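Listed here are the chains, written in short residue letters.
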Amino acid sequence: MKITKISQQIKRGNRYSIFVDEQYSFSLSESALLEAGLASGQELSKEQIKEFKKLSADDKLYNQALRWVAMRPRTEWEIEQYLIRKGASPPLLKIILNKLSIIGLVDDKKFAEAFVADRRRLRPASRRKIILELKRKHVTEDTINEVVGNDSEDEHTALLAVIASKRRQSKYQDELKLMQYLARQGFNYGDIKSALQAEDTD
């Protein structure tokens, strides 16, 4: 059996279709094709074609994961769950995670740093709530402690930002409702009381 044509796909320019004896057989990404060293006119055995078809399926899953992770940062656990849902075997899961790690797309510390920075800039929240959110994404406690730290100034700034935001809503003109909301967001009662008292004296 001979490779009679290798053509770039129209919809996915980074993938190439491999034709054996004039019939479509399998596809590979550009990088996988280069690694495989395939070329037109090359003879392949049935066993080799079977192996390349498996490589094609694994390669497709890797590229799906690559596109998914590139959309926004993900934790290692989130990527694992995505691959499991896609049917990745344990050995393939490890291979893909390793590949993504090599190119810097699996790094829970970087994820946590970006997550905390975005939270504080776009949707201020208490340290306690941020920690809970990171734990839900299975970031380790050591990484969380290293990234979140215990900066009381950041916590106070976040609290003031949330108060200012909620004050624009009529229902939070009620002091008790506002305090209850802030407490549900994980802010310390003493800090809440001090912030609201300071607000009254401004």
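For the structure itself, consult the block above.
Note that the coordinates shown come from a computational prediction; the quantities given were computed from them, not determined experimentally.

The rules behind these values
- Residues numbered from 1 in each chain as written.
- Predicted model: local features only at pLDDT ≥ 70, side-chain atom pairs only at ≥ 80, totals over all residues.
- Heavy atoms only, no water.
- Helix = DSSP H or I, 4+ residues; strand = E, 2+ residues; numbered from the N terminus.
- Rg over C-alpha atoms; globule rule 2.2 N^0.38 Å.
- Buried < 20%, exposed > 50% of the residue type's maximum accessible area, 1.4 Å probe, protein only.
- Areas by Shrake-Rupley, 256 points an atom, 1.4 Å probe, with all protein chains shown as cover.
- Lys, Arg positive; Asp, Glu negative; His and termini not counted.
- Charge placed at Lys NZ, Arg CZ, Asp CG, Glu CD.
- Expected span 1.5 Å × (residues − 1).
- Arc of directions from axis to C-beta.
- Phe/Tyr/Trp six-rings, centres within 6.5 Å; stacked < 30°, edge-to-face > 60°.
- Core = buried A, V, L, I, M, F, W, Y, C linked by side-chain atoms within 4.5 Å.

## Side note on the overall build of the chain
- Summing up its helical and strand segments, the chain has 10 helices and 3 strands in all.
- Counting from the amino terminus, helix and strand elements in the chain follow one another as β-β-β-α-α-α-α-α-α-α-α-α-α.
- Scaling as 2.2 N^0.38, a compact globule of 202 residues should have a C-alpha radius of gyration of about 17 Å, whereas the chain reaches 26 Å, well beyond that.
- Here the C-alpha coordinates of the chain stretch approximately 85 × 35 × 25 Å along the principal axes.
- Counting every position in the chain, which comprises 202 residues, the buried fraction comes to 37%.
- Total accessible area computed for the chain in this model is approximately 12500 Å², and 50% of it derives from carbon and sulfur atoms.
- Seen as two clouds, the 36 positive and the 30 negative side-chain charges of the chain have centres 7 Å apart.

## Observations concerning helix α4 (residues 90-102)
- Its 13 residues give α4 an end-to-end C-alpha distance of 18 Å, which sits within 8% of 18 Å, the value for a rise of 1.5 Å per residue.
- Among the residues making up α4, those that are buried are L92, L93, I96, L97 and L100. Looking down the long axis of α4, one finds its buried residues gathered within 135° of arc, a one-sided arrangement. In this structure, α4 carries P91, K94 and I102 as exposed residues pointing more than 90 degrees from its buried face.

## Notes on the packing of aromatic side chains
- Enumeration according to the criterion identifies 4 aromatic pairs in this entry.
- A ring pair is formed by F26 and F52, whose centres lie 5.6 Å apart and whose planes are at 10°; its orientation type is stacked. In this pair, F26 is assigned in strand β3 (residues 23-29) and F52 in helix α2 (residues 46-71), connecting sequence segments 26 residues apart. The same class applies to F26 as to F52, namely buried.
- Ring centres of W68 and Y82 lie 4.3 Å apart, and the angle between their planes is 10°; this geometry places the pair in the stacked category.

## Side note on the nonpolar core
- Core analysis: the largest hydrophobic core is formed by 15 residues, its most contacted members being L61, A65, I79, L83, I96, L97 and L100.
- Of all hydrophobic cores here, the second largest spans 13 residues; its members include A158, I163, M179 and L196.

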